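These are the residues of each chain, in order.
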Amino acid sequence: MTEPGRLATPRAVPETRRAARAMREEADKRARTAEAAPAVSTPAADAPDDLLAFELPSDDFVPGSISAGAPSSLPLEFRPTGVAPHRKDSTPHHIPEARVRGRRRAVRSPRPVVSERRAARAAELLDVDEGAQPVRHARPRRLTKRLVLVAGLATGAALLLGSAAMTAMMLPSEPQAAGAAPALTMTLELPEIEQLPVPQVEESPPAADICSLPDVASAVQRGDDEAAIVAAGGGEAFRTAVVEGRAPCVDLGDSARVWTVMDKIRPANPIDYRPGALVLPDGVRNVEGGALRSDAASALASLVTAARTAGAGEIALESGFRSYQTQQATYGRHFAEKGERADQVSARPGYSEHQLGLSADVVACAGSCGTLDQLAATPQGQFVAAHAWEHGWIVRYTEGATPVTGYLPEPWHLRYIGPELAKAYHEGGWTSLEEFFALDPAPDYLG
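Attention here is on the structure that accompanies the text. (Residues numbered from 1 in each chain as written. Predicted model: local features only at pLDDT ≥ 70, side-chain atom pairs only at ≥ 80, totals over all residues. Heavy atoms only, no water.)

**Details of the pattern of salt bridges**
Within the structure shown, the criterion is met by 14 salt bridges. In this structure, Arg257 and Asp254 form a salt bridge, with 3.5 Å as the shortest nitrogen-oxygen distance. Looking at Arg257, the relative accessible area reads 14%, which means it is buried. What makes Asp254 partly exposed here is its relative accessible area of 26%. The residue Glu353 makes a salt bridge to Arg415 at a minimum N-O spacing of 3.0 Å. Placement of the pair is Glu353 in the loop between α8 (324–338) and β7 (359–366) and Arg415 in strand β10 (residues 410–416), with a sequence separation of 62 residues. Per residue, the accessibility class of Glu353 equals that of Arg415, and both read buried. (Salt bridge = Lys/Arg side-chain N within 4 Å of Asp/Glu carboxyl O. Buried < 20%, exposed > 50% of the residue type's maximum accessible area, 1.4 Å probe, protein only. Helix = DSSP H or I, 4+ residues; strand = E, 2+ residues; numbered from the N terminus.)

**Here's the deal with helix α11 (residues 419–427)**
Burial in α11 covers these residues: Leu421, Ala422, Ala424 and Tyr425. Projection of α11 onto a plane perpendicular to its axis shows the buried side chains occupying an angular sector of 165 degrees, all on one side. The inward-facing, buried residues of α11 abut α5 (225–231), α6 (235–243), β9 (393–397) and α12 (433–436). One or two residues past the end of α11 sits Gly429, with phi positive at roughly 70 degrees. (Arc of directions from axis to C-beta. Contact = heavy atoms within 4.5 Å.)

**Concerning the nonpolar core**
Judged by nonpolar contacts, the single largest core of 56 residues is most densely connected at Phe238, Trp259, Leu300, Trp393, Leu421, Leu433 and Phe437. Counting residues per element, this core draws most heavily on helix α7 (residues 294–309), at eight residues. Excluding residues within four positions of it along the chain, Trp259 makes contact with Val220, Asp225, Ile229, Phe238, Val250, Asp251, Leu252, Arg415, Leu421 and Phe437. (Core = buried A, V, L, I, M, F, W, Y, C linked by side-chain atoms within 4.5 Å.)

**Some thoughts on the side chain of Gln380**
Here Gln380 lies in helix α9 (residues 379–387). At 3.2 Å, the side chain of Gln380 forms a polar contact with the backbone oxygen of Glu314. Those residues in contact with Gln380, other than ones at most four positions away along the chain, are Ala312, Gly313, Glu314, Ile315, Ala364, Cys365 and Leu375. (Polar contact = N/O pair within 3.5 Å; in protein donor to acceptor, adjacent residues only side chain to side chain.)

**Thoughts on the packing of aromatic side chains**
Scanning the entire structure with this criterion turns up eight aromatic pairs. When the centroid spacing of 5.2 Å and the interplanar angle of 80 degrees are considered together, the rings of Tyr351 and Tyr445 count as edge-to-face. Of the two residues, Tyr351 sits in the loop between α8 and β7 while Tyr445 sits in the segment after α12, which places them 94 residues apart along the sequence. Taking the relative accessible area as the measure of exposure, Tyr351 reaches 24% and is therefore partly exposed. Measuring from centroid to centroid gives 5.5 Å for Trp393 and Tyr416, while their planes differ by 65 degrees, and the two rings are edge-to-face. On the criterion of sequence distance, the pair formed by Trp393 in strand β9 and Tyr416 in strand β10 is long-range, its members being 23 residues apart. These aromatic residues form a ring-pair network of at least three members: Tyr425, Trp430, Phe436 and Phe437. (Phe/Tyr/Trp six-rings, centres within 6.5 Å; stacked < 30°, edge-to-face > 60°.)

**Observations concerning the environment of Asp225**
Mapping Asp225 onto the fold places it in helix α5. When the C-alpha positions of Asp225 and Arg257 are compared, they lie 6.7 Å apart, and in sequence the two are 32 residues distant. Contact partners of Asp225, with chain neighbours within four places excluded, come to Ala256, Arg257, Val258 and Trp259. Side-chain polar atoms of Asp225 contact the backbone nitrogen of Val258, separated by 3.0 Å.

**A few points about the state of the cysteines**
Within the structure shown, the criterion is met by two disulfides. A sulfur-sulfur distance of 1.9 Å marks the disulfide that ties Cys211 to Cys249. Of note, the bridge from Cys211 to Cys249 carries an S-S torsion of about -85 degrees and is left-handed in sense. Of this pair, Cys211 sits in the loop between α3 (143–170) and α4 (214–222) while Cys249 is found in the loop between α6 and β4 (278–279), placing the two residues 38 residues apart along the sequence. Covalently, Cys365 is tied to Cys369 through a disulfide, its sulfur atoms 1.8 Å apart. (Disulfide = S-S within 2.5 Å.)

**Some details on α4**
Think of an α-helix as 3.6 residues a turn; residues three or four steps apart then line up on the same face. Within α4, the full set of buried residues consists of Val216, Ala219 and Val220. Buried residues of α4 fall within an arc of 100 degrees about the axis and therefore sit on the same side. Exposed residues on α4 whose side chains face more than 90 degrees from its buried face are Pro214, Gln221 and Arg222. Those residues of α4 hidden inside the fold are in contact with α5.

**A few points about unusual backbone geometry**
Cis geometry marks the peptide bond from Asn269 to Pro270; its omega dihedral reads 0 degrees. Look at Ala277: it is not a glycine, yet its phi comes out positive at around 55 degrees. For Ala277, the position within the fold is in the loop between α6 and β4. Its identity as a non-glycine residue notwithstanding, Ala438 has a phi of 55 degrees, on the positive side. Position of Ala438 relative to the elements: it lies in the segment after α12.

Structure (structure tokens):
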């Protein structure tokens, strides 16, 4: 039960200005409705707020003649439909719906009488401060974004502090003033590295048998040695394949090939071998009328022309091809003069490179031609030593290679192996064909 003079349902304080304005508009509207509607006097003091009882003295009721607690033989009850709020200086009105037991009757009153306490309470509740800030609903905190922001700021601050600390450690320390407290410094000592690690480099496995290459096999079959070397990838690739055993179609003992090796343990095959197509080098002075294989003859003419063009002088052919029979006479003459020491300056029959048609003994000419021993000290001899490889020739017996070749140095003895192999021989710094093809040295004859 609600005490007399209090509102049955207390109203909540408006939370926003808009809500307060709407309540005032609603109150005005209800006030206007209340002025036009019938009203009744104040209900009995002990009646409940939601049911007010009245007793009317008679049917000929005169408005304004009912006071609170007046006796009546007809009980009257009504349910209030609401309290119309007014402005600060207005008095709230009850808008009841009067119901008389047994019949309905309109009750009018010029002004409803309301409890002073209730009117004051209603005015207090409806008294809204226009300048007050409306109550705002609490919004859920966006914890995730704030945490991310705080974490980012903390990380940035840590980086800045770390950078500043590192910079301070790297800067040279300034001399301290007298009496000043010593500053803390940090020195970073890097460990000494005695030797840098060496990367392990593995070569890609070379191609298998070069003879399985169609161009190599075809060139070898038709006897075009230079084309076979080019098809194998050049002089160095060809040499590597031979050394590693990946060239079964290449026979270093075949006397008809430019890559053949002849020395004191590797004779001509057959022993009295004689090449075909021997020709005289074109444009080359020929002292003894010697001939060469056609490819070697063209290469010697190219070397002689280059020396003349370079201003080195004239180079002549002292001796070219020598047959097995001719070599017998040559070696016999040296043996008669030197005995066993002849093996260091002359080859036995069947073991001389001159029998291949691929070797040439050259001399320097200046009007007349000099001897073989004079070549090394001439401009022609120097040109030969420096540029013979560019035309497919090598100096076969060089200084320091006697333990391998079995012969004393012969700067005049040239051997034709073709441009590709001669280039690989020169660039590799080789001094003998035995070492070039990884063969056993041949300082002496077998037996």
